[in-house]
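Coordinates in review
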Amino acid sequence: MCKAIDEMVKAGERRGMEQGETQLGLLISRLFADGRTNDVQKVATDERIRKEFYREYGIAE
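Structural notes, computed from the coordinates. (Residues numbered from 1 in each chain as written. Predicted model: local features only at pLDDT ≥ 70, side-chain atom pairs only at ≥ 80, totals over all residues. Heavy atoms only, no water.)

1. Describing the overall build of the protein
We count it as follows: Helix and strand definitions here come from DSSP, where helices need a minimum of 4 consecutive H or I residues and strands a minimum of 2 consecutive E residues; each element is numbered from the N-terminal end. Contacts are assigned to residue pairs with any non-hydrogen atoms lying within 4.5 Å of each other. Note on areas: these come from Shrake-Rupley sampling with a 1.4 Å probe, and a residue is covered only by the protein chains present in the view.
Tallying secondary structure elements over the protein gives three helices and zero strands in all. In sequence order, the secondary structure elements of the protein are arranged as α-α-α. A sequence separation of at least 24 residues applies to 38% of the contacts in the protein between residues at least 6 apart. Here the protein has roughly 4,700 Å² of accessible surface; of this, 54% comes from carbon and sulfur atoms.

2. Thoughts on the nonpolar core
So the rule is basically this: Here the nonpolar core consists of buried residues drawn from Ala, Val, Leu, Ile, Met, Phe, Trp, Tyr and Cys, with membership extended through side-chain atoms lying within 4.5 Å. Type-normalised accessible area, obtained with a 1.4 Å probe on protein chains alone, sets the label of each residue: buried when under 20%, exposed when over 50%, and partly exposed for intermediate values.
Leu 27, Leu 31, Val 40, Val 43, Ile 49, Phe 53, Tyr 54, Tyr 57 and Ile 59 together form the largest nonpolar core, which totals nine residues. Secondary structure elements with two or more residues in this core: helix H1 (2-33), helix H2 (37-45) and helix H3 (47-57). Here this core gets four residues from one element, more than from any other, and that element is H3. Residues contacting Val 43, with those up to four places away along its chain left out, are Leu 24, Leu 27, Ile 28, Leu 31, Ile 49, Arg 50 and Phe 53.

3. Some points on the pattern of salt bridges
Under the convention used in this document: Any Lys or Arg side-chain nitrogen found within 4 Å of a carboxyl oxygen on Asp or Glu counts as a salt bridge.
Applying the stated rule across the entire model yields five salt bridges. The partner of Glu 52 in a salt bridge is Arg 48, with the nearest N and O atoms 2.7 Å apart. Taken together, the positions of Glu 52 and Arg 48, both in helix H3 and four residues apart, correspond to about one turn of that helix. The class for Glu 52 is partly exposed, based on a relative accessible area of 37%.

4. Focus on a positive patch on the surface
Just so we agree on the cut-off: Residues enter a patch when their relative accessible area is above 30% and they make no salt bridge; the linking distance is 9 Å between like charges and 5 Å between nonpolar side chains (Val, Leu, Ile, Met, Phe, Trp, Tyr). Lys and Arg are tallied as positive, Asp and Glu as negative. Neither His nor the chain termini are counted. For the purpose of locating charges, the reference atoms are NZ of Lys, CZ of Arg, CG of Asp and CD of Glu.
A cluster of basic residues, Lys 3, Lys 10, Arg 14 and Arg 15, forms a positive patch on the protein surface. Structurally, Lys 10 can be placed in helix H1.

What follows is the structure in structure tokens.
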């Protein structure tokens, strides 16, 4: 039973990681499209700024 639960948790973590990567990729694409290349480094390294940009661009976290 514990092994099944562990596998479900791992699968959920993988889906969460994939969703986060998709959201970050979308944000970076939009920043480039808007010519905001200097902000790409900021969102890659600063979680607080990344969340601000997610809100600005209407990208769910």
